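Letter by letter, the chains look like this.
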Amino acid sequence: MDLRPWHRLAAALTAVGWGANQFAPMLLAYRIERGLTEQVVTGLLAVYVGGLIPALLLAAWWSQHHGKRPMMRISVVLMLVASLLLLAGADSPALLLAGRVVGGIGVGFAMGPGTAWMKELSSDAPAGTGARRASLALTLGFALGPIVSGVSAQWLPQPLHLPYVLHLLAQVLAAAWVWNVVEADAGDHPIPSVRAVVAHVLQRWFVSVVVPAAPWVFGCATVAFAVVPSVTGPLPGLPRIAAAGATAGLTLGTSVFLQPFMKRLASDHPQRVVAAGMGVGTLGMGIATAAAVWPAWWWLPIVAVVLGCAHGLVLVGSMTEVELNTPHHLMAPATAVVYCLTYIGFLVPFAIAVVATVAPTWAVLAAGAGVALVTTVWLVVNGRRPVLGG
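Reference entry: report on the structure contained in this document. Because the structure is predicted, anything quoted here is derived from the model rather than measured.

This part takes up the packing of helix H5 (residues 93–121) against helix H6 (residues 129–155). Relative orientation of the contacting elements H5 and H6 amounts to 135°, with a least axis distance of 7 Å. The angle between the axes of H5 and H6 places the two elements in the oblique class. Like other packed secondary-structure pairs, H5 and H6 cross with a definite hand, here right-handed. Two secondary-structure elements touch here, H5 through Met111, Thr115, Met118 and Lys119 and H6 through Gly130, Ala131, Arg133, Ala134, Leu138 and Phe142. The residue makeup of the contact of H5 with H6, split by class, is six nonpolar, two polar and two charged.

Here is the structure:
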């Protein structure tokens, strides 16, 4: 197969995204098969952020000196180890926790350097193409992971093992494709100082646009596939685990479908795309609240599509805003900071599960809708001001 270098990198990023999100429908599988509580399984979903965030920041700095390809090589190896730990952890929450943390580290080593590398491999395309290709590849993996694991855990043998075997096969293939891709800029640059990166991300365009919106990227997505299914009931004709995978796949698949259509608007007006995404997110959180008040299965696909649109809009707008305003030598660390912010959203289901022990779920979701509305208004008002530069 004659793949261009950026295709090979995209395949590796997709496999990484698959490995990161294959756990989503398994939450229900572990509850059904092993009796784990809602707090435990949502905690396992969130805990990989503890590995991801430091790895994101570390890999972003290291890639400036050692290059992006070594970071991707580390990532694909760690993703293989993570799936092996999850495969062995069917009866051990400790191994599941270890697998999630290692997977988080693996994702962290891919996202910042992978996006910066994609920008280099897309130098012959219009500005912003690299960021969109990277976010699209990752989101495609985020969508494929839960679909494959949900289907295999529901209908195929060994439901707590086979999903991870399938990912291992895909990850090995992607690793082989990306392992020897030539890196035009192989690093050996001065590592940017923390002060330089901090000064860059404290500019008004970043603080006023990216910081308030980025956590909603995965905040919206995880509400759709990890919170709402527990209050609406299963989809007719689909058993619960398959339905959970389908919901996650629909949420992130909607984002994948939408992202290519944002190409021109994101390049010209990334702030407007972010604001539009937050407006859609506010609508989605409102619908999720209604679903919790009047539970019915048909809310589920509606919430998945609306919050999937919000995910895609905010992600593409945020990443394009960063690519258009970031010099080459700061691209990897700046991207890492953005992804750190987006992954705060993975803590949302755990927070909702904890707060819901003392307050109704609908009230927690309504509060989230209120915060999303305030964020939208802020972005709309702020978008009327010139924010590029310092």
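Now for helix H10 (residues 216–227). A large share of H10 lies buried, amounting to 12 of its 12 residues. Those residues of H10 that fall on the buried side of the exposure criterion are Trp216, Val217, Phe218, Gly219, Cys220, Ala221, Thr222, Val223, Ala224, Phe225, Ala226 and Val227.

One can describe the packing of H5 onto helix H16 (residues 331–343) by two numbers: an axis separation of 9 Å at closest approach and a directional angle of 135°. As summarised for this structure, H5 and H16 are arranged oblique, according to the angle between their axes. Note on packing geometry: the crossing formed by H5 with H16 is right-handed. Along its contact with H5, which presents Val107, Met111, Gly112, Thr115, Ala116 and Lys119, the element H16 presents Met331, Ala332, Thr335, Ala336, Tyr339 and Tyr343. The residue makeup of the contact of H5 with H16, split by class, is eight nonpolar, three polar and one charged.

Where a protein is soluble and globular, its nonpolar side chains tend to be buried together. Of all hydrophobic cores here, the largest spans 112 residues; its most connected members are Leu13, Tyr30, Val107, Met111, Phe206 and Tyr343. The residues contacting Met111, other than those within four sequence positions of it, are Leu52, Leu56, Leu138, Phe142, Thr335, Tyr339 and Tyr343. Leu258, Val273, Leu313 and Val316 belong to the second largest nonpolar core, which has five residues in total.

A few words now on the environment of Leu57. The residue Leu57 is located in helix H3 (residues 38–66) in this model. When neighbours within four sequence positions are excluded, Leu57 is seen to be in contact with Ala336, Val337 and Cys340.

This structure, assessed with the given rule, holds two salt bridges. A salt bridge links Arg4 to Asp124, with the shortest nitrogen-to-oxygen separation between them at 3.5 Å. Here Asp124 lies in the loop between H5 and H6 and Arg4 lies in the segment before helix H1 (5–21), a separation of 120 residues in the sequence. Classification of Arg4 by relative accessible area gives partly exposed; the value is 41%. Judged by its relative accessible area of 58%, Asp124 is exposed. Among the salt bridges present, the one from Glu120 reaches Lys68, with a minimum N-O distance of 3.0 Å. On the criterion of sequence distance, the pair formed by Glu120 in helix H5 and Lys68 in helix H4 (residues 68–88) is long-range, its members being 52 residues apart. Judged on exposure class, the residue Glu120 and its partner Lys68 are both buried.

Rules of the game
- Residues numbered from 1 in each chain as written.
- Predicted model: local features only at pLDDT ≥ 70, side-chain atom pairs only at ≥ 80, totals over all residues.
- Heavy atoms only, no water.
- Axes fitted to C-alpha atoms, helices over the stretch in contact; angles between N-to-C directions.
- Helix = DSSP H or I, 4+ residues; strand = E, 2+ residues; numbered from the N terminus.
- Parallel < 35°, antiparallel > 145°, perpendicular 65-115°, else oblique.
- Left-handed = near helix turned anticlockwise from the far one by under 90°.
- Contact = heavy atoms within 4.5 Å.
- Nonpolar A, V, L, I, M, F, W, Y, C, P; charged D, E, K, R; others polar.
- Buried < 20%, exposed > 50% of the residue type's maximum accessible area, 1.4 Å probe, protein only.
- Core = buried A, V, L, I, M, F, W, Y, C linked by side-chain atoms within 4.5 Å.
- Salt bridge = Lys/Arg side-chain N within 4 Å of Asp/Glu carboxyl O.

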